[in-house]
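# Structural overview
Each chain, letter by letter, is given below.
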Amino acid sequence: MIIVLKSQATQEDAQYILNKIEQAGLKPLYMPGVERIVLGALGDERILQSLHLESHPCVEEVKPILSKYKLVSREFQAHDTRVRIGNLTIGGDKFALIAGPAAIESSTQFMDVAQMIKNNNANGLRADAYKAQTSPYDFQGLGPRGLPMIAQAAKALLLPTFTEVVEISQVDLIAQYADCLQIGAHNMQNYGLLKAVAETQKPILLKRGLSATIEEWLLAAEYIYDAGNTNIILCESGIRTFEKATVNTLDLNAIAYIKQHSHLPILVDPSRGTGMRDLVIPLSKAAIAVGADGIIVEAHLHPSEALSDGHQALDAHMFKQLTRELIPFISAAGKTL
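Calculation rules
- Residues numbered from 1 in each chain as written.
- Predicted model: local features only at pLDDT ≥ 70, side-chain atom pairs only at ≥ 80, totals over all residues.
- Heavy atoms only, no water.
- Helix = DSSP H or I, 4+ residues; strand = E, 2+ residues; numbered from the N terminus.
- Expected span 1.5 Å × (residues − 1).
- Buried < 20%, exposed > 50% of the residue type's maximum accessible area, 1.4 Å probe, protein only.
- Arc of directions from axis to C-beta.
- Axes fitted to C-alpha atoms, helices over the stretch in contact; angles between N-to-C directions.
- Parallel < 35°, antiparallel > 145°, perpendicular 65-115°, else oblique.
- Left-handed = near helix turned anticlockwise from the far one by under 90°.
- Contact = heavy atoms within 4.5 Å.
- Nonpolar A, V, L, I, M, F, W, Y, C, P; charged D, E, K, R; others polar.
- Salt bridge = Lys/Arg side-chain N within 4 Å of Asp/Glu carboxyl O.

Let us look at helix α3 (residues 107-119). For α3, spanning 13 residues, the distance from its first C-alpha to its last is 18 Å, which sits close to the expected 18 Å at 1.5 Å a residue. Of the residues making up α3, those classed as buried are Q109, F110, V113, A114, M116 and I117. All buried residues of α3 project into a common sector of 160 degrees when viewed along the axis, lining one side. For α3, the exposed residues lying more than 90 degrees away from the buried face are T108 and N119. N121 sits one or two residues past α3 and shows a positive phi near 75 degrees.

See the structure below:
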C-alpha cells in the first residue's frame, strides 16, 4: 500500500505512522518527496486496512499497489530510477553503450577489445571471467585468473565493468573487481543468488530468463530491491519461442511494457537476443526506438577465433559501423552517449 501524506505533514507525523505499520508486522517504507512525504507498507493488506490510516489527519490518500511486484512498479515510484556506475549513468537522458567479448580469454585479447570499443565511444565494458554454458564442454571462462584483468582494464580505460556472477560462492570475490554484477538468464530465478548479490550493494544487471514472463522477471528484480539494493538494471536478452531462424527471439514488446509499468532502467542485448551478428545493428536501432536506456553487445577483434559465442560478436569494423549508425537514433530519442 502507498500512504500519501498531506503537504503540511511533518517528519514526526511520518514516523508515528511508520511505527504503527511496523508494530503491525508490516514492512514500512519512507519515501520523502519534494512536495510531500509518501510512505509504503508491504505485507498483508488486510492488516493494513485494520489500521484505518486513512482516518489520520495527516494522511491524504491510501491506495493499494495492484501489481504483484511492489517496489519496482510505477505505482510505488512514478519517476525513473537512474543507476550510477562509475562515470556512467544508466537511465534518464544518457544512453549506455556497453560492449566487450563474451568471455575473457587472455589479458592481451581482453585489453585489445576493450581499447577498440573505448576508441569507438563505448561507455561500459562487459567482462566475464566465468561463463554459464549450456554444455559442460564449452569454454567456462578463466575464472579467478580473469578477475584482475577486469580491474586492470577498468583502471586503464576508465570504463565501468559489467561481470556475470554464476554462483553464490563467487559473489564476494567478483564484487572486489567488478563495478556491476550481472545475473545471467540461466540464474534469473536463482533467488539465493539474487539475495547474495543484493547484499553487496553493487549495481545489479538482471537479464531475463529464456522462458520467463515479464512478471516473473520483475518479481526477480523485486527480490533484489526487497533485500535493500535499489541499483537494479533490467536487460532483455531474448526469449525461447517456436522460431528457429534466430537463436532466440528478442522481445522488444517487453521494453515498451517495462517503461510503462516499472521505474527501473532497461538495456537490450541484441547479440544474445538474436544469436546473429548481422542482426545486432538493426535490432540495436529498434531497441532505441522502443525506449531502451542502452544496449550491451558482444565484440571481438577476431570473432572466428573466439572461444565463446564468436558467431554473434561484432568485429572492429562492424562495431565502428554500429556506433556511427546509432548516433542519429540516440539523438532522435532525446539522449546522448
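Continuing now.
On to the packing of α3 against helix α4 (residues 147-157). Close contact between α3 and α4 brings their axes to 10 Å; oriented N to C, the two are set at 30 degrees. Relative to α4, α3 is oriented roughly parallel. Relative to α4, α3 is oriented so that their crossing is right-handed. In this structure, α3 contributes S107, F110, M111, A114, Q115 and K118 to the contact, and α4 contributes M149, I150, Q152, A153, A156 and L157. Here the contact of α3 with α4 is composed, by residue class, of eight nonpolar, three polar and one charged.

With the rule as written, the count across this model stands at 12 salt bridges. A salt bridge links D293 to K259; the shortest N-O distance between them is 2.7 Å. Taken as a pair, D293 in the loop between α10 (280-289) and β14 (294-298) and K259 in helix α8 (residues 253-261) lie far apart in primary sequence, 34 residues in all. The network of salt bridges with shared partners includes R126, K207, D269 and E298.

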